[in-house]
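# Structure at a glance
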Amino acid sequence: MDTATIASLLQEGRTFPPPEEFRRQAHIQDMRLYEEARRDPVGFWERGAAELHWFRRWDKVLEWNPPYAQWFVGGKINASYNCIDRHLSTFRKNKAAIIWEGEPGEQRVLTYQDLYREVCQLANALKALGVKRGDRVTIYLPMVPELPIAMLACARIGAPHSVVFGGFSADALRDRIQDAQAKVLITADGGYRRGGVVPLKRNADEAVAQCPSIEKVIVVRRIGGIAEQTMQKGRDVWWHEVVQGQPGVCPAEPMDSEDLLFLLYTSGTTGKPKGIIHTTGGYLTHVYITTKYIFDLKEEDTYWCTADIGWVTGHSYIVYGPLANGATSVMYEGAPDYPDKDRFWAIVEKYRVNILYTAPTAIRSFMRWGEEYPQRHDLSSLRLLGTVGEPINPEAWVWYWKHIGGGRCPIVDTWWQTETGGILITPLPGVVTLKPGSATLPFPGVEAEVVDERGNPVPPGQGGYLVLTRPWPGMLRGIYGDPQRYTQTYWSRFPGRYFTGDGAKKDADGYFWLLGRVDDVIKVSAHRLSTMEIESALVDHPCVAEAAAIGKNHEVKGEAVVVFVTVKEGVKTSPQLAQELQAHVARKIGAIARPDQVIFTSALPKTRSGKIMRRLLRDIAEGRALGDITTLESPGVIEALKEQYGEEREM
Ligand code: ATP
Ligand code: MG
């Protein structure tokens, strides 16, 4: 992106100061923390680390040899110990660590003491199966308690885990096991999704057939009666059988602060997934302190992050962050619309959830379904809301504020990535005045900048590249097996600075507005338009539920704007509506942004994590062969679109 003014296009001017009642009870009530951290960023993180348990204290907080950082050098720590054992000598021993709800409606509550026993038993079972410190274990499970138990058991014995989202195909699983060269796979016979069964064991068998590194497969019996015949002698073992008789005590390995804690493959919105490396001490410090301050976590809170643990959001803000804080974390197995579209609100009411963290894509679905669903339930327990994963359109933000938060809950719009390990740009909810659509300010100790092509900071209000200008403890330590790609992807464009791949602008108050991926910027007649702003303008129209904007090659203009639109329930599509939407975008942003083409579709192609795959839409619009689609949620969508697009082109 050059320095053109995408910025002034975004007309959002509403502000929301922290509600007084919230501010008064918040951990952080004034801006002092920001000033302290600005003066001494390394000291800020060090104070966070000091709240954790270390077997041996570090010698040096930060060793920075760009692009490689080491945090808490010489320190010895164990993530599992910090998430469990640390709490057992306090009243938290019998506090709920995880409240789990299965899609069919079962409930399981694990106290910290329960979690300790189950984690230790599995850790001992893994050792008995030959897993040693440093061996990689791939975990392919539905959202059941065994998933965090497995992660914490691996962390306990120093075996790095690689969690693969349970919605992925056999091929996607195979690629990730092969890349990690995992020794053991932990899976389940199946999982529930929208009332149906996802055949995990079947996918696992297909994948493992091509993965010679796998020696053992541990299988959780979630469904029962569907995988018994497939258990391979000598290779497959049932979870409940391997843990049986294992001692409920297993010492936590003192790990080096920089030892590998886990690998996690990025969601693949832009191309071939990368195995992101996260280490122990810095990562844990980062997620611990961000969870505490950003979610304003209190001892008595019931906290619910609706992400799947297969994504980094679930790793950091269902498992490691909340448990390191001794929190009570809700975990739900299934879909938000099963058995009905009010399932989330039923769960909020049932457990009196205080803090809810979800994604803009989910919020847009809720908007589309209508207010009647949240209205069926008492949501008065909610105190704080959060979003992550994509820029949130101001319309969706305001809907969330009003219909879910009842106008009393701050919304923390948190910007971060698999690579960053934890949240980096976000409000602190007790002090920062919110602007819908802005992730607001860098977290204390974090320094971000918006720069132009040459790496120079751009003036306020102008669009540019988002870069991070100093190391942070949760940062990735590399791409597994591919150091060159690490340097190339993140550190070569602006040497010494981390390139996020996202476009952003900073406004006059220093607030950051994320504008989507740089690859998603559309260049029309030398103007640079953000897909996010065009989409926000469309979603602002009363008929539109969701939209994706892309740039299609155009002889004269360079690129032409093409938009794919899904309409709200009950709305009829027509050429008139298409024209109306074109005019609407032109009115909201300017004639330059007027879409050349509006294509109505019943669904948009999304990754399994719910992000729109614009690169596939571009492939379709330009009649190219489709790129990597292993991470696509429902391949049928793309087929239908291809057909439809072909027809429209012929018209
Ligand atoms: P891949 O890197 O494989 O293409 P991905 O970037 O979708 O996949 P993630 O690491 O899960 O994988 O997502 C991080 C990206 O999500 C960010 O770079 C940004 O584009 C977007 N994002 C996350 N949170 C926000 C937010 N609050 N506001 C705007 N964008 C966000
Ligand atoms: Mg990314």
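Throughout, a residue's number is its position along its own chain's written sequence, starting from 1. Chain labels run from A onward and ligand labels from 1 onward, assigned in the order the entries are written. Local features in this predicted model are restricted to residues of pLDDT 70 or higher, and side-chain atom pairs are both shown and tallied only at a pLDDT of 80 or more, whereas totals for entire chains, interfaces and linings draw on every residue. Note: side-chain values were computed over all heavy atoms of the structure, leaving out hydrogens and water.

Scanning the chain from terminus to terminus reveals 20 helices and 29 strands. The C-alpha radius of gyration of the chain comes to 24 Å, within 12% of the 26 Å expected for a compact globule of 651 residues. Along the longest, intermediate and shortest principal axes, the C-alpha atoms of the chain span 70 × 60 × 50 Å. Burial classes follow relative accessibility: with a 1.4 Å probe on protein chains only, a residue under 20% of its type's maximum area counts as buried, one over 50% as exposed, and anything between as partly exposed. Every one of the 651 residues in the chain was classed for burial, and the buried ones make up 64%. In these tables, accessible area is a Shrake-Rupley quantity obtained with a 1.4 Å probe, and a residue counts as shielded only by the protein chains included in the view. When the accessible surface of the chain is split by element, carbon and sulfur atoms take 48% of a total near 23300 Å². Both charge centroids of the chain, one from 76 positive and one from 79 negative side chains, sit 2 Å from each other. A run of H or I in DSSP becomes a helix once it reaches four residues, and a run of E becomes a strand once it reaches two; helices and strands are each numbered from the N terminus. Only C-alpha atoms enter the radius of gyration; for comparison, a globular chain is expected to reach 2.2 Å times N to the power 0.38, where N is the number of residues. As used throughout, the charge tally considers Lys and Arg to be positive and Asp and Glu to be negative, leaving His and the chain termini uncounted. Lysine's charge is taken at NZ, arginine's at CZ, aspartate's at CG and glutamate's at CD.

The next thing to look at is the sheet that holds strand 17 (residues 328-332). Two strands are counted as paired when DSSP detects at least two bridges linking them. The strand order 5-4-17-16-18-19-20 describes an open sheet built from seven strands, whose pairing is mixed. With partners counted over all chains shown, the strands left at the sheet margins are strand 5 (107-111) and strand 20 (411-414), one partner each. Here the strands of the sheet are splayed against their neighbours by 20 degrees on average, with no regard to which way each runs. Along the sheet, helix 11 (residues 312-324) makes contact with strand 4 (96-101), strand 16 (302-305), strand 17, strand 18 (355-358) and strand 19 (384-388), crossing strand 16 at roughly 160 degrees. Two residues qualify as a contact provided that any one of their heavy atoms is within 4.5 Å of a heavy atom in the partner residue. Axis lines are fitted to C-alpha atoms, over the contacting stretch for helices. Their N-to-C directions set the angle, which ranges from 0 to 180 degrees. Docked against the sheet, helix 12 (residues 343-351) engages strand 4, strand 5, strand 16, strand 17 and strand 18, running at close to 145 degrees with respect to strand 4.

Topologically, Leu263 is positioned in strand 14 (residues 260-265). A relative accessible area of 0% means that Leu263 is categorised as buried. In sequence terms Leu263 and Pro160 are 103 residues apart; their C-alpha atoms lie 7.0 Å from each other. If near-sequence neighbours (up to four positions away) are discounted, Leu263 is found in contact with Arg136, His161, Ser162, Val163, Ala180, Ile276, Ile277 and Tyr480.

All right, on to the pattern of salt bridges then. Between side chains of opposite charge, a pair can form when the charged atoms approach closely. The working definition used for a salt bridge is a side-chain nitrogen of Lys or Arg within 4 Å of a carboxyl oxygen of Asp or Glu. In total, this model carries 50 salt bridges according to the counting rule given. Where Asp205 meets Lys201, a salt bridge forms, and the shortest distance between an N and an O atom there is 2.9 Å. Here Asp205 and its partner Lys201 are both found in helix 8 (residues 200-208), four residues apart, which amounts to about one turn of the helix. This pair shows no difference in class: Asp205 is buried, exactly as Lys201 is. A salt bridge links Lys435 to Asp509, with the shortest nitrogen-to-oxygen separation between them at 2.6 Å. In this pair, Lys435 sits in the loop between strand 20 and strand 21 (448-451) while Asp509 sits in the loop between strand 23 (498-506) and strand 24 (512-517), placing the two residues 74 residues apart along the sequence. Shared partners join several salt bridges into a network, and the residues in it are Lys201, Asp205, Arg235 and Asp236.

All right, on to helix 8 then. Taken across its nine residues, helix 8 has seven buried, putting it largely inside the fold. Here helix 8 has its buried residues at Leu200, Lys201, Asn203, Ala204, Asp205, Ala207 and Val208.

Residues are called lining when one of their atoms sits within 4 Å of a cavity or pocket point, these points coming from a 1 Å grid over the protein atoms alone, where a cavity is a set in which a 1.4 Å probe fits but cannot get out and a pocket is an open set with protein on both sides within 12 Å along at least five of seven lines. Grid points are joined across faces, edges and corners, and a volume is the space filled by probe spheres set on the points. Within this model, the second largest pocket holds a volume of roughly 310 Å³. Lining the second largest pocket are 17 residues, and of these Tyr34, Arg38, Pro442, Phe443 and Val446 sit closest to its centre. When residues of the lining of the second largest pocket are assigned to their parent elements, the largest contribution, four residues, is made by helix 2 (residues 32-39). Tallied by class, residues from the lining of the second largest pocket come to eleven nonpolar, two polar and four charged. The residue classification treats Ala, Val, Leu, Ile, Met, Phe, Trp, Tyr, Cys and Pro as nonpolar and Asp, Glu, Lys and Arg as charged. All others, Gly included, are polar.

Let us now look at the environment of Lys557. Its location among the elements puts Lys557 in the loop between strand 27 (544-554) and strand 28 (558-567). A sequence separation of 519 residues divides Lys557 from Arg38, and the C-alpha atoms of the two residues are 44 Å apart. Sequence-distant contacts of Lys557, that is, excluding residues within four places in its chain, are made with Lys523, Val524, Ser525 and Asp596. Engagement of the side chain of Lys557 in a polar contact is seen with the side chain of Asp596, the distance being 2.8 Å. N or O atoms closer than or at 3.5 Å make up a polar contact, with two conditions inside protein: a donor-capable atom paired with an acceptor-capable one, and, for residues adjacent in sequence, both atoms drawn from side chains.

What follows concerns the nonpolar core. In this structure, Leu115, Leu122, Leu126, Ile139, Ile186 and Tyr320 are the most contacted members of the largest nonpolar core, which totals 144 residues. Those residues in contact with Leu126 that lie beyond four places of it in its chain are Val131, Ala153, Cys154, Ile157, Val184, Ile186 and Ile218. Ala96, Ile363, Leu382 and Val398 belong to the second-largest nonpolar core, a separate cluster that totals 33 residues. To define a nonpolar core, start from buried Ala, Val, Leu, Ile, Met, Phe, Trp, Tyr and Cys residues and group those joined through side-chain atoms within 4.5 Å.

Note on placement: Asp85 falls in helix 4 (residues 79-88). Not counting residues up to four positions away in its chain, the partners in contact with Asp85 are Ser80, Tyr116 and Arg156.

Within 6.5 Å between ring centres, the rings of Phe, Tyr and Trp (the latter by its six-membered ring) count as paired, and their orientation is classed by plane angle as stacked under 30 degrees, edge-to-face over 60, tilted in between. Summed over all chains, the structure comprises 39 aromatic pairs. Taking the centre distance of 6.3 Å and the plane angle of 5 degrees together, the rings of Phe262 and Tyr320 count as stacked. Of the two residues, Phe262 is situated in strand 14 and Tyr320 in helix 11; the sequence distance between them amounts to 58 residues. Just as Phe262 is buried, Tyr320 falls in that class too.

It is worth spelling out the side chain of His278 at this point. By the element assignment, His278 lies in strand 15 (residues 275-279). Looking at His278, the relative accessible area reads 0%, which means it is buried. One polar contact links the side chain of His278 to the main-chain carbonyl oxygen of Thr418, over a distance of 2.8 Å. Sequence-distant contacts of His278, defined by excluding residues within four places in its chain, comprise Leu260, Leu261, Phe262, Tyr283, Thr418, Glu419, Thr420, Gly421, Gly474, Met475 and Leu476.

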